[in-house]
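Secondary and tertiary structure notes
One letter stands for each residue in the lines below.
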Amino acid sequence: MKIRKLTPKDFNNVVEVFGQKVITYNILKFDKNNLNLGAFDDKRLIGIITAEPRKLIKPLDDYCDLFITYIEVSKEYQNQGIATTLIQMAEDFAKQKGLFQITSWSDEETVEMNRLALKLKYTMCQALMYDENYLPQNPTDCVKGYYYGKRLD
């Protein structure tokens, strides 16, 4: 397995492997401050992590964290440590940028990610999501899940 930065040339391959959600949710943002890594088995894309620095809201708006916007490993490659390696690389990236924490969220149905966050010693907090990108068909419903984060200092 090899992990490398994804480039705009990889975009179509990422969409082919991980689906239309890559476009719908604008998962790949090729900005110098963002992290876009792909895990490859030979030339086959088998995993991805994307993350971007975010400024916190007031009164902590002088701090930034790294928010994992997307992580996925192809089913046949799961439980081989690939997601763990991708997250550890994101943590290293955040430390190099001087960011004090790394955060993300998962819905309750993403059991593997929730268990992995717990295993990697992320603090977890139950959450009800109302983000327009994740609303179910009935807008009075919400998406249940977890916010998680880890201090990097």
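Scroll up for the structure.
Described in the following lines is the structure provided in the data block. (Residues numbered from 1 in each chain as written. Predicted model: local features only at pLDDT ≥ 70, side-chain atom pairs only at ≥ 80, totals over all residues. Heavy atoms only, no water.)

**Here's the deal with the packing of aromatic side chains**
Scanning the model with the defined rule gives two aromatic pairs in all. Between the aromatic rings of Y63 and F100, the centroid separation amounts to 5.2 Å while the plane-to-plane angle is 65°, which identifies the pairing as edge-to-face. Placement of the pair is Y63 in the loop between strand 3 (44-55) and strand 4 (64-73) and F100 in the loop between helix 3 (82-96) and strand 5 (101-107), with a sequence separation of 37 residues. Judged by centre distance (5.9 Å) and plane angle (90°), the rings of Y122 and Y148 are edge-to-face. With Y122 in the loop between helix 4 (111-119) and strand 6 (123-129) and Y148 in strand 7 (residues 143-151), this pair connects stretches of sequence that are 26 residues apart. Y148 shares its class with Y122; the two are buried. (Phe/Tyr/Trp six-rings, centres within 6.5 Å; stacked < 30°, edge-to-face > 60°. Helix = DSSP H or I, 4+ residues; strand = E, 2+ residues; numbered from the N terminus. Buried < 20%, exposed > 50% of the residue type's maximum accessible area, 1.4 Å probe, protein only.)

**Let's talk about helix 3**
The end-to-end C-alpha distance of helix 3, which contains 15 residues, comes to 21 Å, matching closely the 21 Å that a straight helix rising 1.5 Å per residue would cover. All of the buried residues in helix 3 are I82, A83, T84, L86, I87, A90, E91, F93 and A94. Trailing helix 3 by a residue or two, G98 shows a phi angle of about 80°, which is positive. (Expected span 1.5 Å × (residues − 1).)

**A look at the pairing of strand 3**
Here strand 2 (residues 35-41) pairs with strand 3 via seven bridges, running antiparallel. Its bridge partner being in strand 3, L37 is matched across the sheet by I49. Linking strand 2 to strand 3, which pair antiparallel, is a turn of two residues; within it D42 sits at a positive phi near 60°. Both strand 3 and strand 4 contribute to a ladder of nine bridges, which runs antiparallel. Each bridged residue has a counterpart across the sheet, and for I48 the counterpart in strand 4 is E72. (Pairing = 2+ DSSP bridges.)

**A word on the sheet that holds strand 3**
Taken together, seven strands build an open sheet; the order of strands is 1-2-3-4-5-7-6 and the sheet is mixed. Looking at which strands have only one partner, the edges of the open sheet turn out to be strand 1 (2-5) and strand 6. Across the sheet, the mean angle from the axis of one strand to that of its neighbour is 25°, orientation sign disregarded. The sheet strands contacting helix 1 (residues 11-18) are strand 2, strand 3 and strand 4, and the helix crosses strand 3 at an angle near 105°. (Axes fitted to C-alpha atoms, helices over the stretch in contact; angles between N-to-C directions. Contact = heavy atoms within 4.5 Å.)

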